[in-house]
Amino acid sequence: VNGAAVSGATDENGDDVPDVSDDEPIDITRPDVSIVKSLAEGQTPRVIVGDTVTFDITVEITGDTTLTVVPVEDTFLSAYLEYADSSIAPSSVTPGVPETTVVWEDITLYSGDLGPDDTYTFSVTLLTTDVPDAVLTNSAAIVGAEDEYGDDPGDTNEPEDFDVYDPTDVTITK
């Protein structure tokens, strides 16, 4: 509650003015959200080139407000991966160099509004197209979410690593 009060005042004639006060209730909120990207259950972290790799993307509301807009972006290196499928339709898939971005402009179109402690999980499948020189990192992010009061809980990002290999790339030494 935020209050204001006037007491002990006098008017221009020197007469006492009655004391007055007014209170206005205010709500203090803490909008917050997290995202976790992980290999889907049963998905091995080591993938053969040409196979697909499936990830689960889980959004959890960790604040005390309901999120009404939750945009999610999945970004990966286009030299090694390409978008294959997802459990919910993306708004766009933008191939680029060095990265491709898959965007879901608002997952609440599928999940409904997400309140405190709610979670929503969907999957995305990528096709491996080449063998990298190192372990690949693939990341998902929430950028520009909005709660029921129009507040932005802040951006968040979560990477997940996995390895792609070529089983025909074998050297035998005798």
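The structure this text deals with has already been given above.
Okay, so let's go over this structure. Remember, it's a predicted structure, so these values are computed and weren't measured experimentally. (Residues numbered from 1 in each chain as written. Predicted model: local features only at pLDDT ≥ 70, side-chain atom pairs only at ≥ 80, totals over all residues. Heavy atoms only, no water.)

Okay, the pattern of salt bridges next. A side chain of one charge can pair with a side chain of the opposite charge if their charged atoms are brought near each other. In the structure shown here, the tally under the stated rule is two salt bridges. The shortest N-O distance in the salt bridge between arginine 30 and aspartate 32 comes to 3.7 Å. Arginine 30 sits in the partly exposed class, given a relative accessible area of 47%. Salt-bridge contacts for aspartate 74 lead to lysine 37; the nearest nitrogen and oxygen are separated by 2.4 Å. (Salt bridge = Lys/Arg side-chain N within 4 Å of Asp/Glu carboxyl O. Buried < 20%, exposed > 50% of the residue type's maximum accessible area, 1.4 Å probe, protein only.)

Next up on the list: the pairing of strand 12 (residues 136-142). The side chains of a regular strand alternate, residue by residue, between the two faces of the sheet. Counting buried residues along strand 12, six of its seven residues qualify, which places the element largely inside the surrounding structure. As paired elements, strand 7 (residues 72-77) and strand 12 share four bridges and run antiparallel to each other. Across the sheet, the residue bridging to aspartate 74 is alanine 140, located in strand 12. (Helix = DSSP H or I, 4+ residues; strand = E, 2+ residues; numbered from the N terminus. Pairing = 2+ DSSP bridges.)

One finds Val59, Val72, Ile107 and Phe162 to be the most contacted residues of the largest nonpolar core, which totals 30 residues. Every element with two or more residues in this core is listed here: strand 3 (33-39), strand 5 (52-61), strand 7, strand 10 (99-104), strand 11 (119-128), strand 12 and strand 14 (156-165). With five residues, the single largest contributor to this core is strand 5. Setting aside anything within four residues of it in sequence, one finds valine 59 in contact with Val33, Ser34, Ile35, Val70, Val72, Ile107, Leu114, Asp118, Thr119, Tyr120 and Ile142. (Core = buried A, V, L, I, M, F, W, Y, C linked by side-chain atoms within 4.5 Å. Contact = heavy atoms within 4.5 Å.)

Now for a negative patch on the surface. A cluster of like negative charges, contributed by Glu73, Glu146, Asp151, Asp152 and Asp155, occupies part of the molecular surface. Structurally, glutamate 73 is set in strand 7. On the basis of relative accessible area, glutamate 73 is assigned to the partly exposed category, the value being 30%. (Patch = residues over 30% accessible without salt bridge, like charges linked within 9 Å, V, L, I, M, F, W, Y side chains within 5 Å. Areas by Shrake-Rupley, 256 points an atom, 1.4 Å probe, with all protein chains shown as cover. Lys, Arg positive; Asp, Glu negative; His and termini not counted. Charge placed at Lys NZ, Arg CZ, Asp CG, Glu CD.)

We now examine the sheet that holds strand 5. Sheets are built from strands that pair by backbone hydrogen bonding, the pairs being arranged parallel or antiparallel. Taken in spatial order, the four strands make up an open sheet running 3-5-11-8, and their pairing is antiparallel. Looking at strand neighbours, the two that pair on one side only are strand 3 and strand 8 (81-86), the edges of this open sheet. Strand-to-strand twist in this sheet, taken as the mean axis angle between neighbours without regard to direction, amounts to 30°. (Axes fitted to C-alpha atoms, helices over the stretch in contact; angles between N-to-C directions.)

To continue, consider the environment of valine 36. Mapped onto the fold, valine 36 is located in strand 3. Judged by relative accessible area, valine 36 falls into the partly exposed class, the value being 40%. Excluding its chain neighbours within four sequence positions, the residues that come into contact with valine 36 are Asp56, Ile57, Thr58 and Glu158.

Structural measurements only, silent on function.
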